[in-house]
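Each chain is listed here by its residues.
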Amino acid sequence: AEMMGHPDLQPECDVKLLEPLLPEMVVNDLLGKYLKTFNSNITGWLRKALETDKKDWQKETEPEADQDGYYQTTLPAIVFQMFEQNLQVAVQINEIFREEVLTVCLKQMNLFLKRYREEANSYKEEHLKDRQLPQCYVQYMIAIINNCQTFKESINSLKRKYSKSAEASQDDGTIDKLLDEVANEGCQFLLDEVFLDLEHHLTELLTRKWLTGSHAVDTICVTVEDYFNDFAKIKKPYNEKMTKDAHHRVVVEYLKAVMHKRISFKNAEERKEGAERMIKEADQFKFLFKKLSAGDETDRLCDSISAIAEVFKLTDPALLYLEVSTLVSKYPDIRSRYSWLASNQATPAQVPVLFTANG
């Protein structure tokens, strides 16, 4: 205080009363040029980041995992480091300019995610030409899915930090929608991978070979569980949805096997044997998906198999009305035009036509 308070060091005038060094028009022109250059540069940076990430997808080693064990790539961190650095510069100017830079970031993110989605689709298509390549296809597709969740969290973090507006912009909604689409499509690609391996075993269901002791359902359960050991590295909520989709798809494939009438039971005894096998296999699916979904309720879908099996076991056609009525009440998507089964003298063998193609 003794030094800096010396009268000779006091300012000669109040700087707040001075005009800006640069006229407002010049400043606005410079900021406009900066935004235009930034917009152009960020397009190139994002394209380069995606190309680098795509090269990683071909690696023979698994992607890195985060602290919780979820597969990921460095792409989200690189993208948001770019955004963060430019937003920190914008903060030094003023609030309006900061919002403008954030808007550019969100618009560029929107365009980037469309390319990301296209590249993920191409990755899957290339893999289907030779399912042995790339060697870590499943693991990197999981990383692509997880990146979507990381992108969501990072975008929300940027908006909380740099935007004063509480209202969601059009870009916000589009970005969330695109991220969910990329992630959900990735989950479907992985489920397609599972069901390609199950194809042969699914065709065995409800056949003569199945009745005489096929291990098709045992193999289906082991294969699904094996894949889901890897799928456990998918972040929520996508992991949970994927488990439900797999459960639904397994049951649908089983019901399709029933509807296709691959086997004609020779007598009531054989029909009873087939029905008991169906009930046993429905219980296997229940056990499997309860395990995969951490104890969540999974009975209803599998009970549709058991319900049809109970009809197959009938020896008195007069009881068919009661069993079919129970089916209709429990599963309202049953085809209404087949309700004649419940009111006419139909046989248990005619029951498969009750169900729609999608289960």
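An unreviewed UniProt entry lists the protein under the name Exocyst complex component 3, with Danionella cerebrum given as the organism. The record held by UniProt for the protein lists under Sequence similarities (unreviewed entry) the comment "Belongs to the SEC6 family."

Novice: Could you clarify how one ought to interpret unusual backbone geometry in this entry?
Specialist: Among all residues except glycine, the phi angle is most often negative; among peptide bonds, the trans geometry is most common. In this structure, the amide linkage connecting L133 to the following residue, P134, adopts the cis form with an omega of -15 degrees. Within the element layout of this structure, P134 appears in the loop between α3 (95-129) and α4 (137-162). For the bond running from K236 to P237, omega is 0 degrees, close enough to zero to count as cis. Within the element layout of this structure, P237 appears in the loop between α7 (216-231) and α8 (238-259). One non-glycine residue with positive phi stands out, namely L206, at about 55 degrees. You can see L206 is positioned in the loop between α5 (170-202) and α6 (208-211).

Novice: It is not clear to me how the layout of surface pockets should be interpreted in this structure. Could you clarify?
Specialist: Over the atoms a probe the size of a water molecule is rolled, and this reveals where empty space is left. Of the pockets and cavities examined, the largest pocket occupies roughly 420 Å³. Lining of the largest pocket is provided by 22 residues; of these, N239, T243, L292, S293 and A294 occupy positions nearest its centre. Secondary structure elements with two or more residues in the lining of the largest pocket: α7, α8 and α9 (268-292). Tallying contributions element by element places α8 first for the lining of the largest pocket, with five residues. Tallied by class, residues from the lining of the largest pocket come to nine nonpolar, six polar and seven charged.

Novice: Just checking my understanding: could you explain the packing of aromatic side chains for this structure?
Specialist: Note on aromatic pairs: each is described by the distance of the centres and the angle between the planes. Applying the stated rule across the entire model yields 13 aromatic pairs. Judged by centre distance (5.9 Å) and plane angle (15 degrees), the rings of F112 and Y116 are stacked. With F112 and Y116 both in helix α3 and four residues apart, the pair spans about one turn of that helix. Exposure class is identical for F112 and Y116. Each is buried. The interplanar angle of 65 degrees and the centroid separation of 5.9 Å between the aromatic rings of F265 and F312 together place this pair among those described as edge-to-face. Taken together, the residues span a long stretch of sequence, with F265 in the loop between α8 and α9 and F312 in helix α10 (residues 299-312) at a distance of 47 residues. Residue class for F265 comes out partly exposed when judged on its relative accessible area of 22%. On the basis of relative accessibility, which here comes to 5%, the residue F312 falls in the buried class.

Novice: How do you make sense of the confidence of the model for the protein when you look at a structure like this?
Specialist: Regions with low pLDDT carry predicted coordinates that are not meant to be interpreted in detail. The predicted model of the protein has a mean per-residue pLDDT of 88, with 90% of residues at 70 or higher. Within the model, the stretch residues 337-346 combines pLDDT values under 50 with 16 contacts to residues more than four positions away or in other chains. Confidence drops under pLDDT 50 across residues 353-359; counting only partners more than four residues distant or on other chains, this segment forms 28 contacts.

Novice: Help me out: how do you make sense of a nonpolar patch on the surface in this one?
Specialist: A cluster of nonpolar side chains, contributed by L21, L22, V26, V27 and L30, occupies part of the molecular surface with about 470 Å² of accessible area. Note on placement: L21 falls in the segment before α1 (24-57).

Novice: How do you make sense of helix α2 (residues 75-91) when you look at a structure like this?
Specialist: An α-helix turns once every 3.6 residues. As a result, residues three or four positions apart point the same way. Taking 1.5 Å per residue as the helical rise, α2 with its 17 residues ought to reach 24 Å, and the 25 Å between its terminal C-alpha atoms agrees with that figure. Within α2 the residues assigned to the buried category are L75, P76, V79, F80, M82, F83, E84, N86, L87 and A90. On the buried face of α2, the contacting elements are α1, α3 and α4.

Novice: Teacher, can you tell me more about the pattern of salt bridges here?
Specialist: Pairs can form between side chains of opposite charge whenever their charged atoms are close. Per the stated rule, a full pass over the model turns up 25 salt bridges. Among the salt bridges present, the one from R131 reaches E193, with a minimum N-O distance of 3.2 Å. Note that R131 is positioned in the loop between α3 and α4 and E193 in helix α5, a separation of 62 residues in sequence. Residue class for E193 comes out buried when judged on its relative accessible area of 6%.

Novice: Would you mind going over the nonpolar core with me for this structure?
Specialist: Among the nonpolar cores identified, the biggest contains 90 residues, and M109, Y116, F151, L205, F231, Y254 and M278 are the most heavily contacted of them. For this core, the two domains that each supply at least three residues are domain 1 (3-189) and domain 2 (205-341). Residues within four places of L205 in sequence aside, it is in contact with W210, A216, V217, I220, Y254, A257 and R262. One finds A307, L314, V324 and L327 within the second-largest nonpolar core, a separate group that totals seven residues.

Novice: Looking at this model, I keep getting lost on the packing of α8 against α9. Mind explaining?
Specialist: The description of two helices packed together rests on the angle between their axes and the distance between the axes. Direction vectors running N to C along α8 and α9 enclose 170 degrees, while the axes themselves pass 10 Å from each other. In terms of orientation, α8 lies roughly antiparallel with respect to α9. Where α8 abuts α9, its residues T243, A246, H247, V250, Y254 and V258 lie against M278, E281, F285, F289 and L292. Classifying every residue of the contact of α8 with α9 by side-chain character gives eight nonpolar, two polar and one charged.

Novice: Please clarify how the state of the cysteines should be interpreted in this entry.
Specialist: Note on terminology: disulfide describes a covalent bond linking the sulfur atoms of two cysteines. For the coordinates displayed, the defined rule picks out zero disulfides. Its sulfur unpaired, C221 is 9.1 Å from the next cysteine sulfur, which belongs to C302.

Novice: In this structure, what is going on with the packing of α8 against α10? I would like to understand it.
Specialist: Packing of α8 against α10 leaves a shortest axis separation of 8 Å and a crossing angle of 20 degrees. On the basis of the axis angle, α8 is roughly parallel to α10. Here α8 and α10 pass one another in a crossing that is left-handed. Where α8 abuts α10, its residues H247, H248, V251, Y254, L255 and V258 lie against L301, C302, S304, I305, I308 and F312.

About the criteria used
- Residues numbered from 1 in each chain as written.
- Predicted model: local features only at pLDDT ≥ 70, side-chain atom pairs only at ≥ 80, totals over all residues.
- Heavy atoms only, no water.
- UniProt positions renumbered as here; feature names shortened; annotations may be inferred.
- Helix = DSSP H or I, 4+ residues; strand = E, 2+ residues; numbered from the N terminus.
- 1 Å grid on protein atoms, 1.4 Å probe; cavity = no way out; pocket = protein on both sides within 12 Å on 5 of 7 lines; lining within 4 Å.
- Points joined across faces, edges and corners; volume = space filled by probe spheres on them.
- Nonpolar A, V, L, I, M, F, W, Y, C, P; charged D, E, K, R; others polar.
- Phe/Tyr/Trp six-rings, centres within 6.5 Å; stacked < 30°, edge-to-face > 60°.
- Buried < 20%, exposed > 50% of the residue type's maximum accessible area, 1.4 Å probe, protein only.
- pLDDT = per-residue confidence, 0-100.
- Contact = heavy atoms within 4.5 Å.
- Patch = residues over 30% accessible without salt bridge, like charges linked within 9 Å, V, L, I, M, F, W, Y side chains within 5 Å.
- Areas by Shrake-Rupley, 256 points an atom, 1.4 Å probe, with all protein chains shown as cover.
- Salt bridge = Lys/Arg side-chain N within 4 Å of Asp/Glu carboxyl O.
- Expected span 1.5 Å × (residues − 1).
- Core = buried A, V, L, I, M, F, W, Y, C linked by side-chain atoms within 4.5 Å.
- Domains from an automatic or database assignment.
- Axes fitted to C-alpha atoms, helices over the stretch in contact; angles between N-to-C directions.
- Parallel < 35°, antiparallel > 145°, perpendicular 65-115°, else oblique.
- Disulfide = S-S within 2.5 Å.
- Left-handed = near helix turned anticlockwise from the far one by under 90°.

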